[in-house]
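# Descriptive analysis of the structure
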Amino acid sequence: RRYAYDRLTAPARAAVHTRLRNYFAAIPEPDRVVHLQDLTPVIELYHHTVCAGQFREACDLYYERISSIIYYQLGAYQLRIDLLRALFPDGEDQPPRLEDESGQGWILNDLALVYDGTGQSRKAARLLKRAIAIDEKRDARVGVAEGLLNLADNQIFLGELKATESIVRREIEIDRELGGERPEPFGPQELGRLLAYMGRYDEADKELEAALSIFAEQNDEQGQCLAWARRGLRAILM
């Protein structure tokens, strides 16, 4: 396939990808995805949509029909990296080929998270910082807060604990400024885990207790489980 593509002129190549995109778009979605092969038509559709230069449409297709399945159900992390990297035809040191900055930040954040999940934490850190910078430029404080939490988790894995404390405290401050725009327990929970790693157990317990109380008020059982797990970690470290 690559041999054939390389011998086409750019307009002819775009026309071929558009025709192939239309072909795969006509294939019905499977009733149930069990194996990665069940996604072959939609992955081909995504590939040809990208190669046809329709990056916004490819991005929508990825999130609507591919992302959750390959990440949560199939655990195809390398495939997720490959698909997201296709949105960076100019290289990862340049923004993804989307016109709106909010979409660029979203893609940077998602690629960073899958890098982090596959042990490529330093790559992830660079992308997360760029995503946060985009949200800061847009004054999208909810996005900044969420990005800071992702970055804090990343920095803990890298062992950069002092830097992480300032990141988490900044996230908590943004949460306070936002008021009711987003739930607040995640910052204290992350800070509690960090303080436990740093041996500041009393401070850690205070933050984790605060997070647990907020999760309980919100009737968030998953959040309460996570807070209790952090408290268990603190007890083990002690």
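Keep in mind that what you see is a predicted model, and the values were worked out from it rather than measured.

Across its twelve residues, helix α3 (residues 40-51) extends 16 Å between first and last C-alpha, which sits within 8% of the 16 Å expected from 1.5 Å per residue. Val42, Ile43, Glu44, Leu45, Tyr46, His48, Thr49 and Val50 are the residues of α3 that are buried. Contacts made by the buried residues of α3 are with α1 (2-6), α2 (10-25), α4 (55-73) and α5 (77-85).

Its location among the elements puts Gln155 in helix α8 (residues 141-157). Not counting residues up to four positions away in its chain, the partners in contact with Gln155 are Ala125, Glu160, Thr164 and Ile167.

Further remarks concern the environment of Lys123. Considering the arrangement of structural elements, one finds Lys123 in helix α7 (residues 121-138). Taking C-alpha positions, Lys123 is 34 Å from Pro11, a pair spaced 112 residues apart along the chain.

Under the criterion given, the structure shown has 20 salt bridges. In this structure, Arg234 and Asp205 form a salt bridge, with 3.9 Å as the shortest nitrogen-oxygen distance. Of the two residues, Arg234 is situated in helix α12 (residues 221-237) and Asp205 in helix α11 (residues 201-217); the sequence distance between them amounts to 29 residues. With relative accessibility at 23%, the residue Asp205 sits in the partly exposed group. One salt-bridge network, in which partners are shared between bridges, spans Glu165, Arg169, Arg200 and Glu203.

As for its position among the elements, Leu195 is in helix α10 (residues 186-197). Residue classification places Leu195 among the buried residues on the basis of a relative accessible area of 0%. A C-alpha to C-alpha distance of 9.9 Å links Leu195 and Leu208, two positions 13 residues apart in sequence. Not counting the four nearest positions on each side in its chain, Leu195 is found in contact with Glu165, Arg200, Glu203, Ala204 and Glu207.

The subject of this paragraph is the packing of α8 against helix α9 (residues 161-178). At a minimum axis separation of 9 Å, α8 and α9 run at an interaxial angle of 160°. As judged from the angle between their axes, α8 and α9 are roughly antiparallel. Two packed elements cross with a definite hand, and for α8 against α9 that hand is left-handed. Contact with α8, carried on its side by Arg141, Val142, Val144, Ala145, Leu148, Leu149, Leu151, Ala152, Gln155 and Ile156, involves Leu161, Thr164, Ile167, Val168, Arg170, Glu171, Ile174, Glu177 and Leu178 of α9 and no other residues of that element. A per-class count over the contact of α8 with α9 returns 13 nonpolar, two polar and four charged.

Taken as a whole, this structure holds seven aromatic pairs when the rule is applied. Measuring from ring centre to ring centre gives 5.0 Å for Tyr23 and Phe24, while their planes differ by 80°; the resulting arrangement is edge-to-face. Centroid distance Tyr63 to Trp106: 6.1 Å. Interplanar angle 75°. Geometry classified as edge-to-face. Here Tyr63, found in helix α4, pairs with Trp106, found in helix α6 (residues 101-117); they are 43 residues apart in sequence, far enough to count as distant. Positioned over the ring face of Tyr71 is Arg80, at 4.5 Å from the centre of the ring.

Another aspect to go through is α8. Between its first and last C-alpha, α8 extends 25 Å over 17 residues, near the 24 Å set by a 1.5 Å rise per residue. Taken as a whole, α8 has its buried residues at Val144, Ala145, Gly147, Leu148, Leu149, Leu151, Ala152, Asn154, Gln155 and Ile156. Lining the buried residues of α8 we find α6, α7, α9 and α10. A positive phi of about 80° marks Gly159, the residue just after α8.

Parameters at a glance
Residues numbered from 1 in each chain as written. Predicted model: local features only at pLDDT ≥ 70, side-chain atom pairs only at ≥ 80, totals over all residues. Heavy atoms only, no water. Helix = DSSP H or I, 4+ residues; strand = E, 2+ residues; numbered from the N terminus. Expected span 1.5 Å × (residues − 1). Buried < 20%, exposed > 50% of the residue type's maximum accessible area, 1.4 Å probe, protein only. Contact = heavy atoms within 4.5 Å. Salt bridge = Lys/Arg side-chain N within 4 Å of Asp/Glu carboxyl O. Axes fitted to C-alpha atoms, helices over the stretch in contact; angles between N-to-C directions. Parallel < 35°, antiparallel > 145°, perpendicular 65-115°, else oblique. Left-handed = near helix turned anticlockwise from the far one by under 90°. Nonpolar A, V, L, I, M, F, W, Y, C, P; charged D, E, K, R; others polar. Phe/Tyr/Trp six-rings, centres within 6.5 Å; stacked < 30°, edge-to-face > 60°. Lys NZ or Arg CZ within 6 Å of the ring centre and 35° of its normal.

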